[in-house]
Amino acid sequence: MNTNMTQNQSGAVSAHNAPGGGAAHNAKVMNRFELTKRLVGQLKHEEAVIGGIGNANFDLWAAGQRPQNFYMLGSMGLTIPIGLGVAIAQPQRHVVALEGDGSLLMQLGCLSTVAMLKPKNFTMVLWDNGIYQITGSQPTPAAGHADFVAIARGLGLPNSNWAADEEDFDRLFATALKSGVPSLIAVRIDNKPGVGATDRDPVQIRTRFMQGIGAKK
Amino acid sequence: MSESGAQTAEVSAHEKAGTPWHEIVLASLKSNNVKLVVYVPDRVFTPLIKAIHDDPYFITFAATREEEAIGIVTGAWMGGMRGAVLMQTSGFATIPNALASLVCPSQIPALIFVSERGTLGEFNLGQAMVCKTMRPVLDSLGVETHTITRIDELAFIIDRSIKQAVATLAPVTFILSPLLTGGKVIKQ
C-alpha cells in the first residue's frame, strides 16, 4: 500500500505525506497569490473570505477587494475561529478561511472545534511554505516533518487534502464549496512575499465586511 | 426611568424567589439576544454551562482555548449574531493579544464572563497571579469591566452592560466574584 497517496473526494490523487519544505512531499510548490486569484475567481455567491494575518490577507487584498472579505491584521492564529464564527452566524453563506502554516500552529486546537461542530458551509485553505515568511523566512517548528493534512484528519476532519497542483486545487475548492462538510485544502507554496498591502484600518475593514455579508446597513 | 424601575422589580423578584446567580446570567443573555456562548470550562461556571446547554435557545460549545473563543464570537458578531465567552481567571491570560489586536481595534462588543479565581480563599498560586494582572490589563486596554459581588445587582449590571456594549461597539468584561458564586475552595 502506498501511504503517500490518497484518493480525494474529487477523484484526483493528491500527495499528503509531508509539508512545505519536506523532501518527501509530492505536491507541486505553487504560489499563494496565483492560487488566491483562482480561488476568488470561483466565488459566485457572495461567499465570505477571511484572510489570515500577513501574506494571506495581503494576497487576498491584491486579488481584488470584495465586500465579503475580512482582512485580519493581528490576532495570529484566529483566522479559522473567526471564520467559524461567521459560518455559525450565517449558515446559508459559505465561509472560506485562508490561513498560513505558522499561524495555524498557534491554534491547532481550533481544527477539533470545527470537527466537533461540522459546519456545512466552511472551507479552510492552508498555505504551507514551512517558514515565517514575513518575519525573515525562519523555518517553522513543523517544517519538513509535520503533515497538516494528517493533523487535520487526526483531529476529525476527514475531508482534508493536499492540492497536488493548480488544477487539483481548483477541483478541491469547487468540491468543498458544495460538499456540505467542513473541508481543509493544504497547499504547498513558495517563499514569495505577499503582493498587496492591505489598508490597515480595522474599523473600516470590519464595517465593510459586515455590510458585505448583510449584517450591517 | 420605567426600565430602571422594571429592573429593580425584577431583581427583587429574583431575590424573593432565591433565583441562583447562573439563572440570572442565563436570563440576561437570552433577553439580550445573546445566542452564542463559547466557553472553556470552569468548575464555578459548571451550573451556568449546564443550564445553557439544556436551553435550546443557545448555540453553545467548548473551545480549546480562550482566545479561540474570542475569535469565534468576533466572527459571529460580524455575521450578525451576539456572542459571549466564559472562562476562568487563568484563561484570561491567554486573551490579551486577541483583545489588543482584534476586539478593541475592530470595535467588537465581545461579552466576556470571567469566573474570578485567585482571591478570597484561592489555593492555586497561578490563579492568584493572573487575578492580580487581569484588571490592570483590562484597564490599560480601556475595556469596561465590572466585578459583580451581589446578586441583587447582577441582572442590572449584565443587562445594562450588554446593551451598552452593543450600542457603543465595545467589549465588556464581567468578573463574577466568589462573593456572588461561592467560588472554588480546596477540599479539606
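Just so you know, these numbers come straight off a predicted model, no measurement behind them.

## What about the overall build of chain B?
Part 1 of the reasoning: Within chain B, the regular secondary structure consists of nine helices and six strands.
Part 2 of the reasoning: Expected size for 188 residues packed as a compact globule is a radius of gyration near 16 Å; at 16 Å, chain B falls within 12% of this value.
Part 3 of the reasoning: In terms of its C-alpha atoms, chain B occupies a principal-axis envelope of roughly 45 × 40 × 30 Å.
Part 4 of the reasoning: Residues classed as buried in chain B amount to 46% of the 188 residues present.

## Details of the interface of chain A and chain B
Part 1 of the reasoning: Contacts between chain A and chain B engage 27 residues on the former and 25 residues on the latter.
Part 2 of the reasoning: Elements with a contribution of two residues or more to the side of chain A that touches chain B: helix 3 (79–89), helix 5 (109–117) and helix 8 (202–212) of chain A.
Part 3 of the reasoning: The dominant element in the side of chain A that touches chain B, judged by the number of residues it contributes, is helix 3 of chain A, at eight residues.
Part 4 of the reasoning: Looking at the side of chain A that touches chain B residue by residue, the class counts come to 17 nonpolar, nine polar and one charged.

## Digging into the confidence of the model for chain B
Residues and elements named next belong to chain B.
Part 1 of the reasoning: Confidence along chain B averages 92 in pLDDT terms, with 90% of residues attaining 70 or more.
Part 2 of the reasoning: Scored below 50 in pLDDT, residues 1–14 shows ten contacts in the model against residues more than four places distant or in partner chains.
Part 3 of the reasoning: Across the whole predicted complex the pTM is 0.91, and at the interface the ipTM reaches 0.91.

## Some details on the sheet that holds strand 3 (residues 82–88) of chain B
All names here are of chain B.
Part 1 of the reasoning: Read across the open sheet, the six strands follow the order 2-1-3-4-6-5; overall the sheet is parallel. Edge positions in the sheet fall to strand 2 (59–62) and strand 5 (144–148), since each of these pairs with one other strand and no more. Between one strand and the next, the sheet's axes are offset by a mean angle of 20 degrees, whatever the strand orientation.
Part 2 of the reasoning: In terms of strand pairing, strand 1 (residues 34–39) meets strand 2 through four bridges, oriented parallel. Residue pairing for strand 2: V38 is matched across the bridge by F61.

## Details of the confidence of the model for chain A
Part 1 of the reasoning: Residue-level pLDDT values for chain A average 91, and 88% of them are 70 or greater.
Part 2 of the reasoning: Considering only residues more than four positions removed or in separate chains, one finds that residues 1–24 of chain A, a stretch of pLDDT under 50, has 66 contacts.

## Some words on the pairing of strand 1 of chain B
Residue and element names in this part refer to chain B.
Part 1 of the reasoning: Along strand 1, five of the six residues are buried, which leaves the element largely enclosed by surrounding structure.
Part 2 of the reasoning: Examined bridge by bridge, strand 1 and strand 3 share five bridges and lie parallel to one another. Across the sheet, the residue bridging to Y39 is L86, located in strand 3.
Part 3 of the reasoning: What joins strand 1 to strand 2 is helix 3 (residues 46–54), and the crossover it makes is right-handed.

## Regarding the packing of helix 1 (residues 32–41) of chain A against helix 7 (residues 166–177) of chain A
Residue and element names in this part refer to chain A.
Part 1 of the reasoning: Between helix 1 and helix 7, whose axes approach to 10 Å, the crossing angle comes to 35 degrees. The hand of the helix 1/helix 7 crossing is right-handed. Only E166, F169, D170 and F173 of helix 7 make contact with helix 1, whose side of the interface consists of L35, R38 and L39.
Part 2 of the reasoning: A class-by-class count of the residues in the contact of helix 1 with helix 7 yields four nonpolar, no polar and three charged.

## Quick look at the environment of G142 of chain B
Residue and element names in this part refer to chain B.
Part 1 of the reasoning: Residue position: G142 is located in the loop between helix 7 (125–140) and strand 5.
Part 2 of the reasoning: Given 11 C-beta atoms within a 10 Å radius, G142 is considered exposed.
Part 3 of the reasoning: Taking the C-alpha atoms as reference, G142 lies 31 Å from V185; in sequence the two are 43 residues apart.

Thresholds, definitions, all that
- Residues numbered from 1 in each chain as written.
- Chains lettered and ligands numbered in written order.
- Predicted model: local features only at pLDDT ≥ 70, side-chain atom pairs only at ≥ 80, totals over all residues.
- Helix = DSSP H or I, 4+ residues; strand = E, 2+ residues; numbered from the N terminus.
- Rg over C-alpha atoms; globule rule 2.2 N^0.38 Å.
- Buried ≥ 20, exposed ≤ 12 C-beta atoms within 10 Å, placed from the backbone.
- Contact = placed C-beta atoms within 7 Å.
- Nonpolar A, V, L, I, M, F, W, Y, C, P; charged D, E, K, R; others polar.
- pLDDT = per-residue confidence, 0-100.
- Pairing = 2+ DSSP bridges.
- Axes fitted to C-alpha atoms, helices over the stretch in contact; angles between N-to-C directions.
- Right-handed = clockwise from strand over helix to strand, strands pointing away.
- Left-handed = near helix turned anticlockwise from the far one by under 90°.

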